Amino acid sequence: MTGLFSYPKRKLRKLIGQGEYEKAEEYGNELEAKFSKDPDFLFIMGSMYYMLNDEKKTLHYIDRVLEMNPYDVESLSLKLRVHQFLAEQQENEESKQNELNIVIDCCRKILDEAPDNFEVRDLITELES
């Protein structure tokens with residue numbers, strides 16, 4: 001439980017919260033070796049890259065969190081949003097459907113953990129129809 005209150009992660013969150021993304025990225029890169037197996041750290045990094053509209057790096061970090069905990073609702077929600085965005089960017093119908101299949105998979109996992117998530121329930125209903 002003490003890992004949740006680790007000073008380096010608090011400092012990283014503070015930098016991000018202040019919009020100091022360049023400093024946060026540098027600091028996060030310095031911390032990565034020490035915190036490479038810490039899902040909180042990985043989620044913070046993934047969230048930062050989401051705010052910076054870097055889908056590839058967002059997924060890099062979020063997928064690492066999901067390797068450790070495949071049903072982490074916050075990580076699944078972030079992954080869902082990234083793939084939903086990527087689907088909208090696809091011109092090729094097959095590529096678009098592949099992205100939407102990932103969105104549907106994320107929705108199902110979220111609903112396994114949080115069956116009362118009506119926003120996700122509505123989204124999966126819309127996508128599957």
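Everything discussed here concerns the structure shown above.
Now for a look at the structure at hand. Being a predicted model, the structure only gives us computed values, none of them experimental.

1. Re the environment of R108
Tracing the backbone through its elements, the reader meets R108 in helix α6 (residues 93–113). Judged by its relative accessible area of 45%, R108 is partly exposed. Placed twelve residues apart in sequence, R108 and V120 show a C-alpha to C-alpha distance of 8.5 Å. Dropping the residues within four chain positions of it, R108 is found in contact with I124 and E128.

2. As for the nonpolar core
Within the largest apolar cluster, 15 residues are counted, with the highest numbers of intra-cluster contacts made by L12, I16, A24, F41, M45 and M48. Among the elements of the structure, α1 (7–17), α2 (21–35), α3 (39–51) and α4 (55–68) are those that each provide at least two residues to this core. Considering each element in turn, this core owes the most residues, six residues, to α3. With sequence-adjacent residues up to four places away left out, M48 is seen in contact with I16, Y21, A24 and E25. Formed by 14 residues, the second largest nonpolar core is a distinct cluster that contains L76, C107, L111 and V120.

3. With respect to unusual backbone geometry
In this model, N53 sits at a positive phi of 60°, which is unusual for a non-glycine residue. What makes N53 exposed here is its relative accessible area of 61%.

4. With respect to the packing of α1 against α2
Look at α1 against α2: their axes get within 9 Å of each other, and the N-to-C directions meet at 160°. When the axes of α1 and α2 are compared, the pair comes out roughly antiparallel. In the crossing of α1 with α2, the sense of the turn from one axis to the other is left-handed. Listed contacts from α2 to P8, K9, K11, L12, L15 and I16 of α1 are Y21, K23, A24, Y27, G28, L31 and F35. Of the residues that constitute the contact of α1 with α2, the class distribution is nine nonpolar, one polar and three charged.

Quick notes on the rules
- Residues numbered from 1 in each chain as written.
- Predicted model: local features only at pLDDT ≥ 70, side-chain atom pairs only at ≥ 80, totals over all residues.
- Heavy atoms only, no water.
- Helix = DSSP H or I, 4+ residues; strand = E, 2+ residues; numbered from the N terminus.
- Buried < 20%, exposed > 50% of the residue type's maximum accessible area, 1.4 Å probe, protein only.
- Contact = heavy atoms within 4.5 Å.
- Core = buried A, V, L, I, M, F, W, Y, C linked by side-chain atoms within 4.5 Å.
- Axes fitted to C-alpha atoms, helices over the stretch in contact; angles between N-to-C directions.
- Parallel < 35°, antiparallel > 145°, perpendicular 65-115°, else oblique.
- Left-handed = near helix turned anticlockwise from the far one by under 90°.
- Nonpolar A, V, L, I, M, F, W, Y, C, P; charged D, E, K, R; others polar.

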